[in-house]
Amino acid sequence: MLVRLPRSVSEAQSCLAEGAVPVGGATLVWAGWQRDGFPEQAVSLRELPEAKVIGDGTLGSAVLLHEIDERVPEVLRKAAGGVGTGAVRRTATVGGNIVGSTLRCLLPAALVLDARAVVLEADGPVETDLAELLAKRPLLLSLHWREPVASGYRKLTDQLRGEVPFVVAAAVGADAPVLRVAVRDGYDVLSETVPYDTDTGRVLRALALTPLGTLPEAVFEAVRDVVGGVVERAGAR
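Residues numbered from 1 in each chain as written. Predicted model: local features only at pLDDT ≥ 70, side-chain atom pairs only at ≥ 80, totals over all residues. Heavy atoms only, no water.

Chemist: Explain the sheet that holds strand S9 (residues 150-161) here, please?
Modeler: Within a beta sheet, neighbouring strands are joined by backbone hydrogen bonds and run either parallel or antiparallel to one another. The strand order across the open sheet built from four strands is S9-S10-S11-S12, with neighbouring strands paired in antiparallel fashion. Each having just a single partner strand, S9 and strand S12 (188-195) make up the two edges of the open sheet. Pairs of neighbouring strands in the sheet enclose a mean axial angle of 15°, with direction left out of account. The pairing of strand S10 (residues 164-172) with strand S11 (residues 178-185) spans six bridges and is classified as antiparallel. Bridging from a neighbouring strand, Ala171 pairs with Arg180 of S11. Packed onto the sheet, helix H3 (residues 74-81) meets S9 and S10 and runs at close to 30° relative to S9. Sheet strands touched by helix H8 (residues 200-208): S11 and S12. Its angle to S12, the strand with the most contacts, is close to 135°. (Pairing = 2+ DSSP bridges. Helix = DSSP H or I, 4+ residues; strand = E, 2+ residues; numbered from the N terminus. Axes fitted to C-alpha atoms, helices over the stretch in contact; angles between N-to-C directions. Contact = heavy atoms within 4.5 Å.)

This is how it looks when you write it as structure tokens:
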């Protein structure tokens with residue numbers, strides 16, 4: 001198998017046009033290739049500058065999870081820090097986690113940040129929303145968002161749907177007075193947006209009327225805690 005390392009977007013386009021398969025950090029695809037056979041060509045974006053950016057509201061798809069630090073919002077940083085083991089985080093990439101994984105550990109954080117995706121298509125880079133990214137699974141170059149007023153995240157290792165831990169993410173957006181909450185429930189992610197209010201009780205009552213209100217009580221209790229902390233920090237700014 002030939003692994004190609006493009007250094008420009010045009011080179012990456014050529015790789016895709018010639019049938020190269022995105023490899024990400026190889027933490028997920030390698031086992032499948034060992035089982036089903038390796039492709040003739042794979043493409044890694046680890047040398048592509050547009051895919052290695054961190055900070056100023058941008059996170060590149062080739063960034064390794066252990067590289068994610070204070071340059072991104074708390075919700076995204078904690079989500080990355082909770083993925084697998086240290087060895088996995090030193091290999092797994094943002095793009096591989098969101099596009100190539102069934103768990104999509106970073107997705108709830110990206111949803112509450114109202115992030116947009118820049119993907120590589122035949123005509124070049126285009127911006128799209130996360131729903132289209134997950135539906136079409138193109139080659140992800142980067143995520144972009146506006147800095148939130150406040151955010152929070154929790155992984156509930158003692159609350160499982162099957163073998164998958166629940167996670168709770170929340171953020172108050174800077175562009176509108178709303179609070180976004182996302183919960184990974186098994187392999188699905190539920191997300192809701194409600195008006196932001198400095199009264200945590202009103203926010204929680206609004207959330208309880210959404211599908212999030214049907215979550216197990218222990219999980220909704222975590223929603224209460226995470227949302228309460230985010231509302232408090234947002235009100236203090």
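Chemist: Before we go on, may I ask you to explain the side chain of Thr93 in this structure?
Modeler: With respect to the helices and strands, the residue Thr93 is situated in the loop between helix H4 (86-89) and helix H5 (94-99). Among the residues examined, Thr93 registers a relative accessible area of 7% and is labelled buried. Polar side-chain contacts of Thr93 include one of 3.0 Å to the backbone nitrogen of Gly96. (Buried < 20%, exposed > 50% of the residue type's maximum accessible area, 1.4 Å probe, protein only. Polar contact = N/O pair within 3.5 Å; in protein donor to acceptor, adjacent residues only side chain to side chain.)

Chemist: Honestly, the sheet that holds strand S6 (residues 116-121) in this entry has me stumped. Any pointers?
Modeler: Within the open sheet, the five strands sit side by side as S4-S5-S8-S6-S7. Their pairing is antiparallel. Two strands in the sheet have a free side with no partner beyond their single neighbour: strand S4 (54-55) and strand S7 (124-129). Here S6 pairs with strand S8 (residues 139-144) via five bridges, running antiparallel. Bridging from a neighbouring strand, Arg116 pairs with His144 of S8. Across the face of the sheet, helix H1 (residues 9-17) comes into contact with S6, S7 and S8 while running at roughly 60° to S6.

Chemist: I would appreciate a short explanation of unusual backbone geometry in the present structure.
Modeler: The phi torsion of most residues other than glycine is negative, and most of the peptide bonds are trans. At Asp56, a residue that is not glycine, the phi angle is positive and equals roughly 55°. Despite not being glycine, Asp114 shows a phi value in the positive range, around 55°. Looking at the element boundaries, Asp114 is found in the loop between helix H6 (107-112) and S6. On the basis of relative accessibility, which here comes to 40%, the residue Asp114 falls in the partly exposed class.

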